[in-house]
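# Understanding the architecture of this molecule
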Amino acid sequence: MIHFKNVSKLYPPDVIGLDHVNLRVEHGEFISIVGQSGTGKSTLAKLLFAEERPTHGVIEIGGWDITKISNRDVPLLRRQIGVVFQDFKLLPKKTVYENIAFALQVAGIPSARVREVVPRVLAIVGLEDKVQRFPHQLSGGEQQRVAIGRALVHQPKILVADEPTGNLDTLNSRDILELLKKINEFGTTVVLVTHDREIVNRLKRRVITLEGGKITSDVEEGRYKL
Amino acid sequence: MFTSIYRVIKFALQNFWRNIWLSVITISMLVLTLLTVNILLVLNRATDQVIAYVENRIEVNVYFNESADQTKVNEALTYLRTLPEVKDVQEISADNALVLFKEKHAQDPAVLSSVDEIGRNPFGPTLVVKARAAKDFDTIISALDNPRFRDEIRQKDFSDYQSIVGKIRQTTTQIRDGGIVLSIIFFIIALLIIFNTVRVAIYIHREEISIMRLVGASSRFIRAPFLVETILLSLFSVLIVMAIVYPTLALIEPKFSQYFGSGAGGLTSYFEQNGVLIFGAQFIALLFVTMVSTALALRKHLKV
Ligand SMILES: Nc1ncnc2c1ncn2[C@@H]1O[C@H](COP(=O)(O)OP(=O)(O)OP(=O)(O)O)[C@@H](O)[C@H]1O
Ligand SMILES: [Mg+2]
């Protein structure tokens, strides 16, 4: 599903984001990427959804070589990869429903289809009873659910979550983790970037550790160790 | 496809309303630009009318001697009528000239009594010659130097209409040149203002735009609302200018024709007959300028 071949990312002038990374993630996997601050976790995530282009190496996603993907094709890629961030990135003046519908609308999906998909997604993330609320009327965990719901509208093959629990307390973090696991069980490949020791230890899934832009450990059913 | 067009227009209208003051300022500037252009058009039209009015009144008064032979006068009259530069010739007989003179000076007993003192009609016949255009004037004067009746003519009297027309033209040309410079300046300002409006709109919507990009909106879909908003701004501006120009013309038209007549066709009717052309052309020109400006702003500030 995801294939990094000898990928390096240099930020000008000479900051190393990623350093000769080789990585293969199979369809349906749930991987966690851990590492200290500034070791290239977000860089790896950004390369996945083409927010950044690699300096060297080749990246393939579902057999599609996105190494030199054109700006024109980026939207197509983004409709196949859901993204979630620490700061939710919701539109404050739109309701829960509108925030999720927005992702479909801007992709030119007909209104009838939007009315069909949004409630389904709301059911998955468990927010059916809060559709008319605005983001500021929701808890952090609920806001992150909205963001995850939005990431799911195109039924993506991959979900990339960059520290989705970074702003949440333990209980909310657990909820979000359960939600990600549920999404993974539906067949979506999940790439989770995290700092959270407890989460990694609860997950008992594949863990990749980055240090200075290099993969220093890649363990099936890993535990958080730094 | 239709859904997308509908959504793009909806986003554009939202941009427009949410930054209503920005929209108001932008439209005001565009209106000012167009008004300058329209003032120039009206001025052009009015100048034509004033010149037509003046040329219509260009007269040469040819005064014959008291003792002039009526056959010579008739000869001169016929001759003048054959000239292509002459529009019309009228004869005022000696008796009539005296009556007119007395009417003119009815309030002035001193003048009247001095005429009476002479005891006879001191006036000769007069020919009033109307020229077709101010420039024909010299030809007519020199034509009257014809030896057949030159000696019968006491005086050729004329106002220097040509220099009046020349002055009108010169003044309006200066105003027009100034107006064109002003229009160009306003157009450049309009360009900068549109650029800034789009820049600010992009800044205000940066969050929305970055989210649109994240969830896979095509760059065309992200750009289109800004272009549509620019079309709306241009359209509103032209409509507002039309709403200003027509009533204003209707207001000044009666005063204007009171002085200068509506010989060259009224201002209002000119704008009514050519309205589609005049304002259509202005809309297209404005749209061109604003679209270029928007495209530049999007290119510089919207990296999608
Ligand atoms: N746009 C950029 N321009 C220049 N350098 C950058 C840029 N983005 C990241 N870097 C640098 O690249 C390195 C890796 O950054 P990255 O954001 O991937 O780290 P991270 O592992 O996500 O850190 P954190 O845990 O703090 O989020 C850092 O040294 C960072 O300063
Ligand atoms: Mg990071």
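Calculation notes
Residues numbered from 1 in each chain as written. Chains lettered and ligands numbered in written order. Predicted model: local features only at pLDDT ≥ 70, side-chain atom pairs only at ≥ 80, totals over all residues. Heavy atoms only, no water. Helix = DSSP H or I, 4+ residues; strand = E, 2+ residues; numbered from the N terminus. Rg over C-alpha atoms; globule rule 2.2 N^0.38 Å. Buried < 20%, exposed > 50% of the residue type's maximum accessible area, 1.4 Å probe, protein only. Areas by Shrake-Rupley, 256 points an atom, 1.4 Å probe, with all protein chains shown as cover. Domains from an automatic or database assignment. Pairing = 2+ DSSP bridges. Axes fitted to C-alpha atoms, helices over the stretch in contact; angles between N-to-C directions. Contact = heavy atoms within 4.5 Å. Parallel < 35°, antiparallel > 145°, perpendicular 65-115°, else oblique. Left-handed = near helix turned anticlockwise from the far one by under 90°. Nonpolar A, V, L, I, M, F, W, Y, C, P; charged D, E, K, R; others polar. 1 Å grid on protein atoms, 1.4 Å probe; cavity = no way out; pocket = protein on both sides within 12 Å on 5 of 7 lines; lining within 4 Å. Points joined across faces, edges and corners; volume = space filled by probe spheres on them. Polar contact = N/O pair within 3.5 Å; in protein donor to acceptor, adjacent residues only side chain to side chain.

Secondary structure summary: chain B contains eleven helices and four strands in total. Expected size for 304 residues packed as a compact globule is a radius of gyration near 19 Å; at 32 Å, chain B overshoots this value by more than 25%. Its C-alpha atoms give chain B principal-axis dimensions of roughly 105 × 40 × 30 Å. For chain B, buried positions account for 40% of its 304 residues. Of the roughly 16,600 Å² that chain B leaves accessible, carbon and sulfur atoms contribute 63%.

Interface size is often expressed as the accessible area that is lost when the parts come together. As assigned here, chain B comprises domain 1 (2-53 + 164-301) and domain 2 (59-132). Computed over C-alpha atoms only, the centres of domain 1 of chain B and domain 2 of chain B are separated by 57 Å.

All names here are of chain A. Strand order in the open sheet formed by six strands is 6-7-8-3-9-10, with mixed pairing between adjacent strands. Strands at the two margins of the open sheet, each flanked by one partner only, are strand 6 (81-85) and strand 10 (214-219). Averaged over all pairs of adjacent strands, the angle between their axes in this sheet comes to 15 degrees, without regard to strand direction. The sheet strands contacting helix 6 (residues 170-185) are strand 3 (30-35), strand 7 (158-162) and strand 8 (189-193), and the helix crosses strand 8 at an angle near 155 degrees.

All right, on to the packing of helix 3 (residues 96-105) of chain A against helix 5 (residues 140-152) of chain A then. Residues and elements named next belong to chain A. Relative orientation of the contacting elements helix 3 and helix 5 amounts to 25 degrees, with a least axis distance of 8 Å. If you check the angle between helix 3 and helix 5, you find them roughly parallel. Between helix 3 and helix 5 lies a crossing of right-handed hand. Between helix 3, through V96, N99, I100 and A103, and helix 5, the contact on the second element is made entirely by V146, G149 and R150. Here the contact of helix 3 with helix 5 is built from residues that sort into four nonpolar, two polar and one charged.

The next point concerns the sheet that holds strand 2 (residues 15-25) of chain A. Residues and elements named next belong to chain A. Taken in spatial order, the four strands make up an open sheet running 2-1-4-5, and their pairing is antiparallel. Whereas interior strands pair on both sides, the edge strands pair on one side only; in this sheet they are strand 2 and strand 5 (64-65). With two bridges joining them, strand 4 (residues 56-61) and strand 5 adopt antiparallel strand pairing. Of the residues in strand 5, the one forming a bridge with I61 is W64. Along the sheet, helix 1 (residues 41-48) makes contact with strand 1 (2-11), strand 2 and strand 4, crossing strand 1 at roughly 120 degrees.

All buried positions along helix 8 (residues 206-214) of chain B are accounted for by B:E208, B:I209, B:I211, B:M212 and B:L214. Taken from the residues just after helix 8 of chain B, B:G216 is the one with a positive phi, measuring 95 degrees.

With that settled, consider the layout of surface pockets. Empty space among the atoms becomes apparent when a probe as large as a water molecule is rolled across them. Quantified by volume, the largest pocket comes out at close to 570 Å³. Along the walls of the largest pocket sit 22 residues, with A:K94, B:F11, B:Q14, B:R18 and B:E208 positioned nearest its centre. Those elements giving two or more residues to the lining of the largest pocket turn out to be helix 3 and helix 4 (111-125) of chain A together with helix 1 (2-18) and helix 8 of chain B. Ranked by residue count, the leading element in the lining of the largest pocket is helix 1 of chain B, at six residues. A per-class count over the lining of the largest pocket returns eight nonpolar, five polar and nine charged. The space that makes up the second largest pocket amounts to roughly 490 Å³. Together, 15 residues line the second largest pocket, and A:R79, B:S218, B:S219, B:R220 and B:F221 are the ones closest to its centre.

Attention now moves to the side chain of B:N15. All names here are of chain B. Position of N15 among the secondary structure elements: in helix 1. Residue classification places N15 among the buried residues on the basis of a relative accessible area of 6%. Within the structure, the side chain of N15 is placed 3.4 Å from the side chain of E229, a separation counted as a polar contact. With residues up to four places along the chain from it excluded, the contact list for N15 reads H205, F226 and E229.

For the structure on display, the rule yields four cavities of 30 Å³ or more. A volume near 110 Å³ is recorded for the largest cavity. If you trace the largest cavity, you find it lined by B:F11, B:Q14, B:N15, B:R18, B:H205, B:E208, B:I209, B:M212, B:I222, B:P225 and B:F226. Every element with two or more residues in the lining of the largest cavity is listed here: helix 1, helix 8 and helix 9 (219-260) of chain B. Among the residues making up the lining of the largest cavity, the classes are represented as six nonpolar, three polar and two charged. Computed from the structure, the second largest cavity encloses a volume of approximately 80 Å³. Considering the residues around the second largest cavity, the lining is formed by A:R78, A:R79, A:I81, A:G82, A:V83, A:R150, A:A151, A:V153, A:H154, A:P156, B:L214 and B:V215. Sorting the residues of the lining of the second largest cavity by element identifies strand 6 and helix 5 of chain A as the ones contributing at least two each. When residues in the lining of the second largest cavity are grouped by element, the largest group, three residues, is from strand 6 of chain A. Partitioned by chemical class, the residues of the lining of the second largest cavity number seven nonpolar, two polar and three charged.

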